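Residue strings, one per chain:
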Amino acid sequence: MKSGFVSIVGRPNVGKSTLLNAILGEKIAITTSKPQTTRNTIRGIYTSPDEELQIVFIDTPGIHKPKTKLGEFMTEAALNTFHEVDATIFITDDELSKGPGDKYILEMLKQADTPKILVINKIDTLDPDKFRRIYEEYEKLGIFTKIFGTSALEGKNVDLLIDELAGMVEEGPMYFPPDMVTDHPERFIVSEIIREKLLLYLNDEIPHGAAVEIEQYEEGRKLTKIGAVIYCEKKSHKGIIIGKEGKKLKGIGKDARIEIEALLGTKVFLELWVKVKENWRDSDFALSNFGYKE
């Protein structure tokens, strides 16, 4: 069989996690419309139906110029993948001339020897003329082996992308069982589901000053008991997360519980608490405690 590793990189909010979920046919990475939703590298495992191909995809946090220690960790985690993979997918959804973000990533990519594929995402919302401009602008750079237009949200052209990657990886072992789609433990995915619902409920009020820590995780045949703490940076944020008469926190918990039950295949009893940990994004101890750095 053929097997290998492929990283997915790009600016925040270009659809990296959505593409990974589309490739796997299953949701393992949380997605919202907010930049920097992904904080850790998430490994997704694709195995072809005939089990002749296995690709381990590494979904990275959006690469950006960091302003906090958390931002430094996220950017470093993404950049470290460039030299550890068989190929790199670079995702964009806009013209290179529109901002410095893509140029910053491209400078890093040029230093890597691995084959590179450009994915122009969100073609379901791009007009043909803009797509052509983006395509031609990147083609002129001469650093991409292939350029694809995709709609990760609709799964359009994802199969063509997999076929192209199959030609880039070599003969190798099956690294993971064929029915495994991620190497992250369920506790991690559960914490990410809660954080996703938090981001969706909070709109732009508290974009990235929240973290989720699982304190209780008891699995039973028919019921899984989960206790999680949502940490925020300010006392004023705590009230916003809880909401009037606790309605917002209840809504976050209900939506998270429904998705966690689908993931685990059991009934779930989920308890959420909100605590304040000021400036945790710039605390080495807090970042380590929340699993963002060793």
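Here the structure is a predicted model, which means the values were calculated and not measured.

Chemist: Hey, could you go over the overall build of the protein for me, with residue numbers and the actual values?
Modeler: For the protein, the count of helices and strands is nine helices and 10 strands. Every one of the 294 residues in the protein was classed for burial, and the buried ones make up 51%. Of the contacts made within the protein by residues no fewer than 6 positions apart, 70% connect residues no fewer than 24 positions apart.

Chemist: So what's going on with the packing of helix α6 (residues 186–202) against helix α8 (residues 247–264)? Which residues, and what values?
Modeler: Two quantities define a packed helix pair, namely the angle between the axes and the distance from one axis to the other. Close contact between α6 and α8 brings their axes to 9 Å; oriented N to C, the two are set at 145 degrees. Here α6 runs over α8; the crossing is right-handed. Taken together, the residues of α8 that come into contact with α6 (itself represented by Glu186, Ile189, Val190, Ile193, Ile194, Glu196, Lys197, Leu198, Tyr201 and Leu202) are Lys248, Gly251, Ile252, Asp255, Ala256, Glu259, Ile260, Leu263 and Leu264. Residue composition of the contact of α6 with α8, by class: 12 nonpolar, one polar and six charged.

Chemist: Please give an account of the nonpolar core that cites residues and values.
Modeler: Of all hydrophobic cores here, the largest spans 51 residues; its most connected members are Phe57, Ile89, Leu165, Ile194, Ile226 and Ile260. Here this core takes seven residues from α6, the largest share from any one element. The next biggest cluster of nonpolar side chains, apart from the first, holds 14 residues, and it includes Leu96, Leu109, Leu118 and Phe144.

Chemist: Tell me about helix α5 (residues 158–166), residues and numbers included.
Modeler: Of all the positions in α5, only Val158, Leu161, Ile162, Leu165 and Ala166 are classed as buried. The arc that holds every buried residue of α5, seen down its axis, measures 140 degrees, which confines them to one face.

Chemist: Any chance you could break down the pairing of strand β8 (residues 210–218) for me, citing the residues and the numbers?
Modeler: Here β8 pairs with strand β9 (residues 223–232) via eight bridges, running antiparallel. Across the sheet, the residue bridging to Ala211 is Tyr231, located in β9. Two successive antiparallel strands, β8 and β9, enclose a turn made up of four residues.

Chemist: Explain the pattern of salt bridges residue by residue, including any values.
Modeler: Scanning the entire structure with this criterion turns up 13 salt bridges. Between Glu154 and Lys156 there is a salt bridge; the shortest N-O distance is 3.7 Å. Here Glu196 and Lys197 are joined by a salt bridge, their closest N and O atoms 3.0 Å apart. For the residue pair Glu196 and Lys197, the accessibility class agrees, reading buried in each case. In this structure, a network of salt bridges that share partners links the residues Arg11, Asp93, Asp102 and Lys122.

Chemist: Pulling in residues and values, what's your account of the packing of helix α1 (residues 16–24) against α5?
Modeler: At a minimum axis distance of 10 Å, the contact between α1 and α5 shows a crossing angle of 80 degrees. Taken together, the axis directions place α1 and α5 in an arrangement best described as roughly perpendicular. Residues Leu19, Ala22 and Ile23 of α1 touch α5, and the partners they reach there are Val158, Leu161 and Ile162.

Chemist: So what about unusual backbone geometry? Which residues, and what values?
Modeler: Of note in the backbone geometry, Glu51 takes a positive phi value of approximately 60 degrees without being a glycine. Looking at the element boundaries, Glu51 is found in the loop between β2 (42–47) and β3 (53–59). The class for Glu51 is partly exposed, based on a relative accessible area of 39%. We note that Glu245 has phi near 55 degrees; this positive angle belongs to a residue other than glycine. By secondary structure assignment, the location of Glu245 is in the loop between α7 (235–242) and α8.

Chemist: Which residues make up the environment of Glu154, and what are the values?
Modeler: Following the sequence through the fold, Glu154 ends up in the loop between β6 (146–149) and α5. A relative accessible area of 51% places Glu154 in the exposed class.

Chemist: Describe the pairing of strand β1 (residues 2–10), listing the residues and the values that go with them.
Modeler: The side chains of a regular strand alternate, first on one face of the sheet and then on the other. Among the nine residues that make up β1, seven are buried, leaving the element largely enclosed by the rest of the structure. Both β1 and β3 contribute to a ladder of seven bridges, which runs parallel. For Ser3, the partnering residue across the bridge sits in β3 and is Gln54. Where β1 lies against strand β7 (residues 170–171), two bridges are found, and the strand directions are antiparallel.

Chemist: Tell me about the packing of aromatic side chains, and please be specific about residues and values.
Modeler: Under the counting rule described, the total for this entry stands at five aromatic pairs. Their ring planes at 50 degrees and their centres at 6.1 Å tell us that Phe131 and Tyr135 sit as a pair that is tilted. Taken as a pair, Phe131 and Tyr135 lie in helix α4 (residues 128–139) at a separation of four residues, close to a single helical turn. By relative accessible area, which is 28% here, Tyr135 ends up partly exposed.

Chemist: An account of the sheet that holds β9 is needed here, citing residue identities and associated values.
Modeler: Consider a sheet: its strands pair through backbone hydrogen bonds, and that pairing is either parallel or antiparallel. Spatial strand order, β8-β9-β10: three strands in an open sheet with mixed pairing. The open sheet is flanked by β8 and β10 (267–276), the only strands paired with a single partner. Taking each pair of neighbouring strands and ignoring which way they run, the sheet shows an average axis angle of 20 degrees. This element, α7, spans β9 and β10 of the sheet and lies at about 155 degrees to β10. Packing against the sheet, α8 makes contact with β8, β9 and β10, and its axis sits at approximately 140 degrees to β10.

Conventions and cut-offs
Residues numbered from 1 in each chain as written. Predicted model: local features only at pLDDT ≥ 70, side-chain atom pairs only at ≥ 80, totals over all residues. Heavy atoms only, no water. Helix = DSSP H or I, 4+ residues; strand = E, 2+ residues; numbered from the N terminus. Buried < 20%, exposed > 50% of the residue type's maximum accessible area, 1.4 Å probe, protein only. Contact = heavy atoms within 4.5 Å. Axes fitted to C-alpha atoms, helices over the stretch in contact; angles between N-to-C directions. Left-handed = near helix turned anticlockwise from the far one by under 90°. Nonpolar A, V, L, I, M, F, W, Y, C, P; charged D, E, K, R; others polar. Core = buried A, V, L, I, M, F, W, Y, C linked by side-chain atoms within 4.5 Å. Arc of directions from axis to C-beta. Pairing = 2+ DSSP bridges. Salt bridge = Lys/Arg side-chain N within 4 Å of Asp/Glu carboxyl O. Parallel < 35°, antiparallel > 145°, perpendicular 65-115°, else oblique. Phe/Tyr/Trp six-rings, centres within 6.5 Å; stacked < 30°, edge-to-face > 60°.

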